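In case you want the letters, here they are:
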Amino acid sequence: MPGKPNPVARLFWTAAIGCPFGLWYGPPAFAATGLALALVLMRHLGRPRRFRARVRRIARAHAETLALRRRQESFSDAYGNRIEDGWLRERAYFLDRTVLPQIGPHFADLAESERNRMLAIVEAEAAAVALPEEDEAPGDGIDYERYCAERLARAGWRAHRTPPSGDQGADIVAVRDGLRLIVQCKRLAKPVGNAAVQEAAAALRYWAGDRAAVVSNAGFTPAARRLAAATGVLLLHHDALDDIDLAGAHRS
């Protein structure tokens, strides 16, 4: 496999180069060759540990985002079952799109054989972050809209809620630094689907906004994420309203 080091070849060439020196210079050269062989062997045996440490450093650098995604993409269904399908997809996506490109070809063999261990490392780093309690977010839809508007206002936006009828898919219109953000709020017990993204995209045109966003306490379905990527609609957790940056906002 490309990128996989061959310890046998390294040991062979170390011995092949060192032994003639040993024959010529005697015991000190043989001792140096033995030390070189030991170092080659120790370096090879330590590869998995170094590999996992690198994965852990990458995951730790994104730990807060991972923790938020973990909460967004997990929910309890009507039967009390904990559903984490969305989080498992997000975890694999982070591994494939963020971790593996930074690992490089040198660890290509371990990237395949240690995948489950890598996923466990990502899980552990996400779980180690203490997020603010979600209980402060109101359960009622209207109150949730007001809550989101207040968080935007605290972040420096001039935010006002739209009328209950005729809003054309917009719950909040917020302006800051000349940018106009159109927001739809969804307080749900399960991931938000396609319809909310479609409504937000339509509201963007109706309210002449610069960007549109769907804000929710829950996660988003894969279909909603695909549509959001195609339409430019932002998919946000309400915690992200405190420091949302339209210029550099990540499109989910």
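Residues numbered from 1 in each chain as written. Predicted model: local features only at pLDDT ≥ 70, side-chain atom pairs only at ≥ 80, totals over all residues. Heavy atoms only, no water.

Novice: If you had to explain the sheet that holds strand β3 (residues 158–161) to someone new, which residues and values would you point to?
Specialist: Pairing is mixed in the open sheet, where five strands are placed in the order β3-β4-β5-β6-β7. Edge positions in the sheet fall to β3 and β7 (234–237), since each has one partner strand and no second. Between one strand axis and the next, the sheet turns by 25° as a mean value, whatever way the strands run. Bridge analysis of β3 against strand β4 (residues 172–176) gives four bridges, and the strand direction is antiparallel. What sits directly across from histidine 160, in β4, is valine 173. (Pairing = 2+ DSSP bridges. Helix = DSSP H or I, 4+ residues; strand = E, 2+ residues; numbered from the N terminus. Axes fitted to C-alpha atoms, helices over the stretch in contact; angles between N-to-C directions.)

Novice: Outline unusual backbone geometry, listing residues and values.
Specialist: The phi torsion at aspartate 177 lies on the positive side, around 55°, for a residue other than glycine. Within the element layout of this structure, aspartate 177 appears in the loop between β4 and β5 (179–186). One non-glycine residue with positive phi stands out, namely alanine 208, at about 55°. Mapping alanine 208 onto the fold places it in the loop between α9 (194–206) and β6 (211–216).

Novice: Tell me about the pattern of salt bridges, residues and numbers included.
Specialist: On inspection of all chains with the given rule, the structure shows 13 salt bridges. The partner of glutamate 114 in a salt bridge is arginine 52, with the nearest N and O atoms 3.1 Å apart. With glutamate 114 in the loop between α6 (108–113) and α7 (115–127) and arginine 52 in helix α3 (residues 47–61), the pair connects residues that are 62 residues apart, well separated along the chain. Its relative accessible area of 21% is what places arginine 52 among the partly exposed residues. The salt bridge partner of arginine 115 is aspartate 96, with a shortest N-O separation of 3.0 Å. A residue pair is termed long-range when its members are at least 10 positions apart, and arginine 115 in helix α7 and aspartate 96 in helix α5 (residues 85–103) qualify at 19 residues. A network of salt bridges, in which partner residues are shared, links Arg71, Arg151, Asp239 and Asp242. (Salt bridge = Lys/Arg side-chain N within 4 Å of Asp/Glu carboxyl O. Buried < 20%, exposed > 50% of the residue type's maximum accessible area, 1.4 Å probe, protein only.)

Novice: Go over the packing of α3 against α5 with me, naming the residues and quoting the values.
Specialist: At a minimum axis distance of 10 Å, the contact between α3 and α5 shows a crossing angle of 125°. With respect to α5, the element α3 is oriented oblique. Relative to α5, the crossing made by α3 is right-handed. On α5, the residues that touch Phe51, Arg54, Val55, Ile58 and Ala59 of α3 are Phe94, Thr98, Val99, Gln102 and Ile103. For the contact of α3 with α5, the per-class residue count stands at seven nonpolar, two polar and one charged. (Parallel < 35°, antiparallel > 145°, perpendicular 65-115°, else oblique. Left-handed = near helix turned anticlockwise from the far one by under 90°. Contact = heavy atoms within 4.5 Å. Nonpolar A, V, L, I, M, F, W, Y, C, P; charged D, E, K, R; others polar.)

Novice: With reference to specific residues and values, describe the packing of aromatic side chains.
Specialist: Under the counting rule described, the total for this entry stands at two aromatic pairs. Where tyrosine 144 meets tyrosine 147, the ring centres are 6.2 Å apart and the plane angle is 25°; that geometry is what we call stacked. Note that tyrosine 144 and tyrosine 147 are positioned in helix α8 (residues 141–154) at a spacing of three residues, about one turn of the helix. Taking relative accessible area as the criterion, tyrosine 144 reaches 0% and is therefore assigned buried. Under the relative-accessibility criterion, tyrosine 147 is labelled buried at 9%. (Phe/Tyr/Trp six-rings, centres within 6.5 Å; stacked < 30°, edge-to-face > 60°.)

Novice: Give me the lowdown on α3, citing residues and values where you can.
Specialist: The end-to-end C-alpha distance of α3, which contains 15 residues, comes to 21 Å, matching closely the 21 Å that a straight helix rising 1.5 Å per residue would cover. Among all positions in α3, only Arg47, Phe51, Val55, Ile58 and Ala59 are buried. One side of α3 carries all its buried residues, which in axial view fall inside an arc of 105°. Opposite its buried face, α3 presents the exposed residues Arg49, Arg57, Arg60 and Ala61, each directed more than 90 degrees away. (Expected span 1.5 Å × (residues − 1). Arc of directions from axis to C-beta.)

Novice: I'd like to hear about the packing of helix α4 (residues 63–72) against α7, residue by residue, with values.
Specialist: At their nearest, the axes of α4 and α7 sit 8 Å apart, and the two run at 90° to each other. As summarised for this structure, α4 and α7 are arranged roughly perpendicular, according to the angle between their axes. Across from Ala63, Leu66, Ala67 and Arg70 in α4, the residues of α7 making contact are Val122, Glu123, Glu125, Ala126 and Ala127. Its residues assigned to classes, the contact of α4 with α7 comprises six nonpolar, no polar and three charged.

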